[in-house]
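# Examination of the molecular architecture
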Amino acid sequence: MDVVDLARTQFAVTGSLHFLFVVLTLGLAPLVAIMHTRYAIGGNPLHERMTRFWGQIYVINYALGIVTGLVMEFQFGLSWSGLSRYAGDVFGAPLAMETLLAFFLESTFLGLWIFGWHRLPRGLHVACIWLVTLTAYASALFIMVANSFLQNPAGSAEEGGRLVLRDFGALFTNPTLVFALPHVLSAGLWAGGFVVMGASAYHLFRRTPEREFFTRSLRVGVLTAFVGSLFTVGFGYAQFGPVGDVQPDKFHGAVTGTALELMIMIGQLVQFAVMFVLAPLLIRDVLARSRWLHPLLMIMTPLPFVAAIAGWLVREVGRQPWMVYGKLSVADALTPGLTRADITASFAGFAGVLGLLALVDYVLIARAVRRGPGRVALGAADLPVAAEPVPAHSL
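Just so it is clear, the structure is predicted and the values come from calculations on it, not from any experiment.

### Structural notes on the pairing of strand S1 (residues 156-159)
Both S1 and strand S2 (residues 162-165) contribute to a ladder of 4 bridges, which runs antiparallel. Following the sheet pairing, Glu-158 is matched in S2 by Leu-163. Counting the residues between successive antiparallel strands, the hairpin from S1 to S2 contains 2 residues, one of them, Gly-160, with a positive phi of roughly 60°.

Here you go:
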């Protein structure tokens, strides 16, 4: 494997690991916001407990996902400085907007939501989690704008050996973006729904005392998975036309073809299971009582994540050998002077860090799920401070 292939493999591995965090964040954020809104309107304590429990899962995933995103940023300067020199004036703009307008705002509002329990007015507190959701979606928008530019450098022109931005609006009307963005957002709902569904099935299978809590959560998970799978598959197929017009050879490579087949197989299989098995059982109020189905629901939990990685591989590998399609090759985008030893060392470091973070994320989420809603730190009422004893000599 030469230096270029090694650098590509490094980015593929780290990008795939980072994407696992992203899809779960995009899926859980709106669910937590809806739960919190229902509690704010109706005052049902069950909705508060659902908000706090699933909100804690969201916070764990978000906190660890931040670090994986930073690793992705490092790679652009370390391995792909040629991309920055040639297309940085265009490619860097949406990335900067994602950092300044989305990421910082999202973190700020999330902090207000986390520490605002029992402190902020109820309406303002709910607004914080909705702003977290909107800024998370805005972050996804800007990232997909940047990625779509690499797929199809719309709105740019070459001057003096560099790409310059000529039409800012063209970045947001890029044909490789208009169906890809809702496809990614729907995949997030799909993944989030399956995590809620799988965790709820785990507790129902164990016959824990929190039956009503996880029966409600199971219903939320199945309905979310139904909507997510429906739109994920629909917008996935909708991309074939525009993408085929821009990159006619995208789906003919061996690696791309295999990942496309895996993605379609999982998507159609899971969509069939959700639409024609789980949803009817849910409507008949049988799913929560069908204990034999609960292990199957737990086993199905990783499938949306596998499909998401396969979809990402189709999108990225399919434009090879181009970094900016038709403009800059991957070989030319590589940082000059990099050696196999350099890439091997950074690959081991990045993959090790991200792999460890993914493992920690799984362990922390699994532990939080096992503990159940009775032991949730997020939103817990402050314990009263015990009064200090009055010294006898002061009496």
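That shown, we press on.
### Digging into a positive patch on the surface
A cluster of like positive charges, contributed by Arg-206, Arg-367, Arg-370, Arg-371 and Arg-375, occupies part of the molecular surface. Among the elements that take part in the positive patch, helix H13 (residues 340-371) stands out by supplying 3 residues, more than any other. For Arg-367, the location among the structural elements is in helix H13.

### Things to note about a nonpolar patch on the surface
Residues Leu-356, Leu-359, Val-360, Tyr-362 and Val-363 make up a contiguous nonpolar surface patch of about 490 Å² in total accessible area. The residue Leu-359 is located in helix H13 in this model.

### Here we look at the environment of Thr-224
Within the element layout of this structure, Thr-224 appears in helix H7 (residues 211-238). Residue Thr-224 is classed as buried on the basis of its relative accessible area of 10%. Between the C-alpha atom of Thr-224 and that of Leu-134, which follows or precedes it by 90 residues, the distance is 18 Å. In contact with Thr-224, other than residues within four places in its own chain, are Leu-31, Leu-189 and Gly-193.

### Thoughts on the packing of aromatic side chains
Across all of its chains, the model carries 14 aromatic pairs by this definition. Seen from their ring centres, Phe-179 and Phe-235 are 6.3 Å apart, and the 35° between their planes marks the pair as tilted. Here Phe-235 lies in helix H7 and Phe-179 lies in the loop between helix H5 (168-172) and helix H6 (180-206), a separation of 56 residues in the sequence. On the basis of relative accessibility, which here comes to 23%, the residue Phe-235 falls in the partly exposed class. Between the aromatic rings of Trp-190 and Phe-194, the centroid separation amounts to 6.4 Å while the plane-to-plane angle is 85°, which identifies the pairing as edge-to-face. Within this pair, Trp-190 and its partner Phe-194 are both found in helix H6, separated by 4 residues, close to a single helical turn. Connected via pairs of aromatic rings, a cluster forms that spans Phe-53, Trp-54, Phe-213 and Phe-214. Sitting over the face of the ring of Tyr-39, Arg-122 holds its NZ or CZ atom 4.8 Å from the ring centroid.

### What about the nonpolar core?
Core analysis: the largest hydrophobic core is formed by 100 residues, its most contacted members being Trp-54, Tyr-58, Trp-80, Leu-83, Trp-113 and Phe-149. Element by element, the count of residues in this core is highest for helix H1 (residues 3-42), at 15 residues. Aside from chain neighbours lying at most four places away, what touches Tyr-58 is Thr-25, Leu-28, Ala-29, Val-32, Glu-106, Leu-110 and Val-132.

### Topic: the pattern of salt bridges
A complete count under the given rule lists 6 salt bridges for this structure. The partner of Arg-8 in a salt bridge is Asp-5, and the shortest N-O contact between them spans 3.7 Å. Taken as a pair, Arg-8 and Asp-5 lie in helix H1 at a separation of 3 residues, close to a single helical turn. Glu-159 is the salt-bridge partner of Arg-166, the closest N and O atoms lying 1.6 Å from each other. On the basis of relative accessible area, Arg-166 is assigned to the exposed category, the value being 55%.

### Concerning the packing of H6 against H7
The geometry of H6 relative to H7 is characterised by a closest axis approach of 7 Å and an angle of 155° between their N-to-C directions. Between H6 and H7, the angle is such that the two are roughly antiparallel. For the crossing formed where H6 meets H7, the hand is left-handed. Along the lines of polarity and charge, the residues of the contact of H6 with H7 split into 15 nonpolar, 13 polar and 1 charged.

### Some points on unusual backbone geometry
Omega for the bond connecting Gln-320 with Pro-321 falls within 30 degrees of zero, at 10°, which places this linkage in the cis form. One can find Pro-321 in the loop between helix H11 (303-317) and strand S3 (322-324). The backbone of His-118 shows a phi angle near 65°, a positive value even though the residue is not glycine. As for its placement among the helices and strands, His-118 is situated in the loop between helix H3 (81-115) and helix H4 (122-151). Backbone geometry places Arg-207, a non-glycine residue, at a positive phi of 60°. For Arg-207, the position within the fold is in the loop between H6 and H7. Judged by relative accessible area, Arg-207 falls into the exposed class, the value being 61%.

### Brief notes about the side chain of Thr-14
Inspection of the secondary structure puts Thr-14 in helix H1. The contacts of Thr-14, once residues within four sequence positions are left out, are Met-72, Gln-75, Phe-350, Ala-351 and Leu-354.

### Considering H6
End to end, H6 covers 39 Å across 27 residues, agreeing with the expected 39 Å (1.5 Å per residue, within 8%). By the criterion of burial, H6 is predominantly enclosed, with 24 of the 27 residues buried. Note on H6: the residue one or two positions beyond its end, Arg-207, has a positive phi of about 60°.

### Here's the deal with the environment of Thr-215
For Thr-215, the position within the fold is in helix H7. We classify Thr-215 as buried; its relative accessible area is 17%. Placed 120 residues apart in sequence, Thr-215 and Leu-95 show a C-alpha to C-alpha distance of 41 Å. Excluding its chain neighbours within four sequence positions, the residues that come into contact with Thr-215 are Leu-204 and Ala-288. Polar contacts involving the side chain of Thr-215 include one to the main-chain carbonyl oxygen of Arg-211, which spans 2.7 Å.

Parameters at a glance
Residues numbered from 1 in each chain as written. Predicted model: local features only at pLDDT ≥ 70, side-chain atom pairs only at ≥ 80, totals over all residues. Heavy atoms only, no water. Pairing = 2+ DSSP bridges. Helix = DSSP H or I, 4+ residues; strand = E, 2+ residues; numbered from the N terminus. Patch = residues over 30% accessible without salt bridge, like charges linked within 9 Å, V, L, I, M, F, W, Y side chains within 5 Å. Areas by Shrake-Rupley, 256 points an atom, 1.4 Å probe, with all protein chains shown as cover. Salt bridge = Lys/Arg side-chain N within 4 Å of Asp/Glu carboxyl O. Lys, Arg positive; Asp, Glu negative; His and termini not counted. Charge placed at Lys NZ, Arg CZ, Asp CG, Glu CD. Buried < 20%, exposed > 50% of the residue type's maximum accessible area, 1.4 Å probe, protein only. Contact = heavy atoms within 4.5 Å. Phe/Tyr/Trp six-rings, centres within 6.5 Å; stacked < 30°, edge-to-face > 60°. Lys NZ or Arg CZ within 6 Å of the ring centre and 35° of its normal. Core = buried A, V, L, I, M, F, W, Y, C linked by side-chain atoms within 4.5 Å. Axes fitted to C-alpha atoms, helices over the stretch in contact; angles between N-to-C directions. Parallel < 35°, antiparallel > 145°, perpendicular 65-115°, else oblique. Left-handed = near helix turned anticlockwise from the far one by under 90°. Nonpolar A, V, L, I, M, F, W, Y, C, P; charged D, E, K, R; others polar. Expected span 1.5 Å × (residues − 1). Polar contact = N/O pair within 3.5 Å; in protein donor to acceptor, adjacent residues only side chain to side chain.

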